[in-house]
Amino acid sequence: MRRQLVCAIALIMVFLVSACTTSHDRQEQYKSEGIMALNKGDYAKAIELFNDALQSSEGRVDEGEIDICYYKAAAQFNMGDVKEAIKTYTALIDYDENNAYPYFLRGSVYLKSGEKSSGFDDYKEAIKIDEDNYDLYMAIYENLTALNYEREAQEFLNIALEKSGDSADDCLARGKIYTSLKQYDAAKAAYEKAIDKGADDANIYLANMYLAEGKEAECDKILEQYKNDENPNATECNALASMELRRGNPEEALKYINMGLDKFSVPNRKELLKNRVAAYEYMGSFNEAFTYAMEFLQEYPQDVDMAREVTFLTTRV
């Protein structure tokens, strides 16, 4: 009897594991097909597939379901269904109200649909949650500038500049902000302070500032030491690539991008992959740009800007 009971329990466990595996596999299949539809610009089909994927979760909510929701919101927004995109981002906020990212995305949707007040409220909530994230301030600034809210964009950067941190990273971040505001003397002082505190990468951003200022000789003087370095780190490679792109040299940029991606430590992998797409697009190699953009979305599904870039690239391949 004991042996029969053990066998029965084992059989039940096999069925349960099999059912869970089947459910998970089914969800992954729907998700993959949804991403393909999204990348092809078939947003209605993508939404349908993402809904099927969510239904396959059988009430479970983890990182997989969260990623699917971000994909779904991107498809809804690209299809022009702003209300449903806002609903999806609101659900993500309700799930984790301490996550700044869905507030930022929902705020961006509000602003692009003309709901200025709601958009600004979401941006303010995002920086309230993640107040020391300088990249978030810069993302808000770039979005607002693109929508011609230049005064409001600068206000968010001013909030970031009021931060009292004095570490190397704080000084480096302030240098980037001053560069965006074209306050070059203040940017130079911030970068030099960051260098004194041990932020070697600040030299790269100082060179970038000189380039933005139109001082190419000063920029080249700094870059020479990195170009002659046989082993620049990934951050240096990306900065060199970004500047080569700005100077209209995509082939040279690709050299640094690939060099950076080959490093053992690549903390800025996302930025390098984005620049790779930009380089191929700049060269007119739209098939390669489209392929790498799709690979990027597989790794970073929540990046709405790249989802839009894929939509553009579908018209070029």
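Structure shown above.
Residues numbered from 1 in each chain as written. Predicted model: local features only at pLDDT ≥ 70, side-chain atom pairs only at ≥ 80, totals over all residues. Heavy atoms only, no water.

(A) Expanded view of the packing of helix H11 (residues 202–213) against helix H12 (residues 216–227). Running from N to C, H11 and H12 point in directions that differ by 155 degrees, and their axes come no closer than 7 Å. Here H12 runs roughly antiparallel to H11, going by the angle between their axes. In terms of crossing hand, the pair formed by H11 and H12 is left-handed. Facing H11, whose interface residues are Asn 203, Ile 204, Leu 206, Ala 207, Tyr 210 and Leu 211, H12 presents Glu 216, Glu 218, Cys 219, Ile 222, Leu 223 and Tyr 226. By residue class, the composition of the contact of H11 with H12 is nine nonpolar, one polar and two charged. (Axes fitted to C-alpha atoms, helices over the stretch in contact; angles between N-to-C directions. Helix = DSSP H or I, 4+ residues; strand = E, 2+ residues; numbered from the N terminus. Parallel < 35°, antiparallel > 145°, perpendicular 65-115°, else oblique. Left-handed = near helix turned anticlockwise from the far one by under 90°. Contact = heavy atoms within 4.5 Å. Nonpolar A, V, L, I, M, F, W, Y, C, P; charged D, E, K, R; others polar.)

(B) Structural detail: the packing of aromatic side chains. A complete count under the given rule lists nine aromatic pairs for this structure. Members of the aromatic cluster, each reached through a chain of ring pairs, are Phe 104, Phe 120, Tyr 123, Tyr 149 and Phe 156. The ring centre of Tyr 205 lies 4.4 Å from the NZ or CZ of Lys 176, which sits over that ring. Residue placement shows Lys 255 over the ring face of Tyr 256; its charged tip is 4.8 Å from the ring centre. (Phe/Tyr/Trp six-rings, centres within 6.5 Å; stacked < 30°, edge-to-face > 60°. Lys NZ or Arg CZ within 6 Å of the ring centre and 35° of its normal.)

(C) Quick look at the nonpolar core. Judged by nonpolar contacts, the single largest core of 83 residues is most densely connected at Ile 140, Leu 144, Ile 177 and Met 243. With sequence-adjacent residues up to four places away left out, Ile 140 is seen in contact with Phe 104, Tyr 123, Ile 127 and Phe 156. Listed in part, the twelve residues of the second largest apolar core include Leu 38, Tyr 43, Ile 47 and Tyr 71. (Core = buried A, V, L, I, M, F, W, Y, C linked by side-chain atoms within 4.5 Å. Buried < 20%, exposed > 50% of the residue type's maximum accessible area, 1.4 Å probe, protein only.)

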